[in-house]
Amino acid sequence: MRNSCNIRDGFGSRLGIVAAAAGSAIGFGNILRFPYQLGSSGGAAFLVIYLIFVILLGMTGMICEMTIGRRAQRDVVNSFRILSPNTLWRYAGIIGIFTVIIILAYYIVLFGWSFNYFIMSVFNNFSGKTVEQLTQLHKTTINGTFKPVIYSILCMGATAFVVIGGVKKGIERCTKYLMPVLFIIIIMLVIKGLTLEGSRKGLVFLFAPDFSKITPTVIFNALGQSLFDLSLGSGIMITYGSYISKRENLGIIVA
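All values derive from a computational prediction rather than experimental measurement.

(A) Layout of the pattern of salt bridges. If you walk through the whole model with that rule in mind, you get 1 salt bridge. Here Glu248 ties to Arg14 by a salt bridge, and the two come within 3.0 Å at their closest N and O atoms. Taken together, the residues span a long stretch of sequence, with Glu248 in the loop between α11 (236–241) and α12 (250–254) and Arg14 in helix α1 (residues 14–25) at a distance of 234 residues.

(B) Geometry of the side chain of Ser242. You can see Ser242 is positioned in the loop between α11 and α12. Relative accessible area serves as the criterion here: at 1%, Ser242 is assigned to the buried category. Side-chain polar atoms of Ser242 contact the backbone oxygen of Thr239, separated by 2.5 Å. Dropping the residues within four chain positions of it, Ser242 is found in contact with Arg8, Gly69, Arg70, Gln73 and Arg74.

(C) Main features of the packing of helix α7 (residues 147–164) against helix α8 (residues 166–195). Where α7 meets α8, the closest approach of the two axes is 6 Å, and the angle between their N-to-C directions is 130°. It follows from the interaxial angle that α7 and α8 lie oblique. Facing Val162, Val163 and Ile164 of α7, the residues of α8 in contact are Gly166, Gly170, Ile171 and Cys174. Within the contact of α7 with α8, the residues separate by chemical class into 5 nonpolar, 2 polar and no charged.

About the criteria used
Residues numbered from 1 in each chain as written. Predicted model: local features only at pLDDT ≥ 70, side-chain atom pairs only at ≥ 80, totals over all residues. Heavy atoms only, no water. Salt bridge = Lys/Arg side-chain N within 4 Å of Asp/Glu carboxyl O. Helix = DSSP H or I, 4+ residues; strand = E, 2+ residues; numbered from the N terminus. Buried < 20%, exposed > 50% of the residue type's maximum accessible area, 1.4 Å probe, protein only. Polar contact = N/O pair within 3.5 Å; in protein donor to acceptor, adjacent residues only side chain to side chain. Contact = heavy atoms within 4.5 Å. Axes fitted to C-alpha atoms, helices over the stretch in contact; angles between N-to-C directions. Parallel < 35°, antiparallel > 145°, perpendicular 65-115°, else oblique. Nonpolar A, V, L, I, M, F, W, Y, C, P; charged D, E, K, R; others polar.

Below, the structure written as structure tokens:
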């Protein structure tokens, strides 16, 4: 009889799986980088190419990575080692770990900035400031001696606290509540943005198709953006897959 201490944690619901995957996929790359890349790379023309990559490669890649993790029931390194022993595939898992470490190195700094700005917004420190003043405020923040470090450490601690809680009581519980909040905030930002002066020009910049801007580099960027947005190639979805019940239909979850 299997020892209860060896029973692997897992997601408690399909909603938890979707929320955790969305929490990994939706971030600064979507909210900040993607709109700029969309507008400067051909608008709707770029969007069509991006969506093709998401559907044909992104969704397929997510199913593949989750399948690998669920089959092996291990982390990204040991999944390749178990499913393809004595091959070079084990190095793919090691590369994935290093990739996540590099991503964490700069994301935790951005999280620290965001936390700082959240505190400042609570105290209404942005009210009445011009664009130039806000720009200077940002420069002062990122070039500060102690604030960026302190806020980054706090965010790292919060992240560790969630991860230590495990999959079901940590990651799943956190994302099931925070992802709907993020969705509501994004909707509010969209509505606010559409009511601002010059919003029409912004929409034209974002969505007006310009196929003359489509170059091999732009196509490559669309591919990279689609894979990055879905957290593919770094082992995240393999790790999540290892905590998904074999009773779940991965095709339905990804779709």
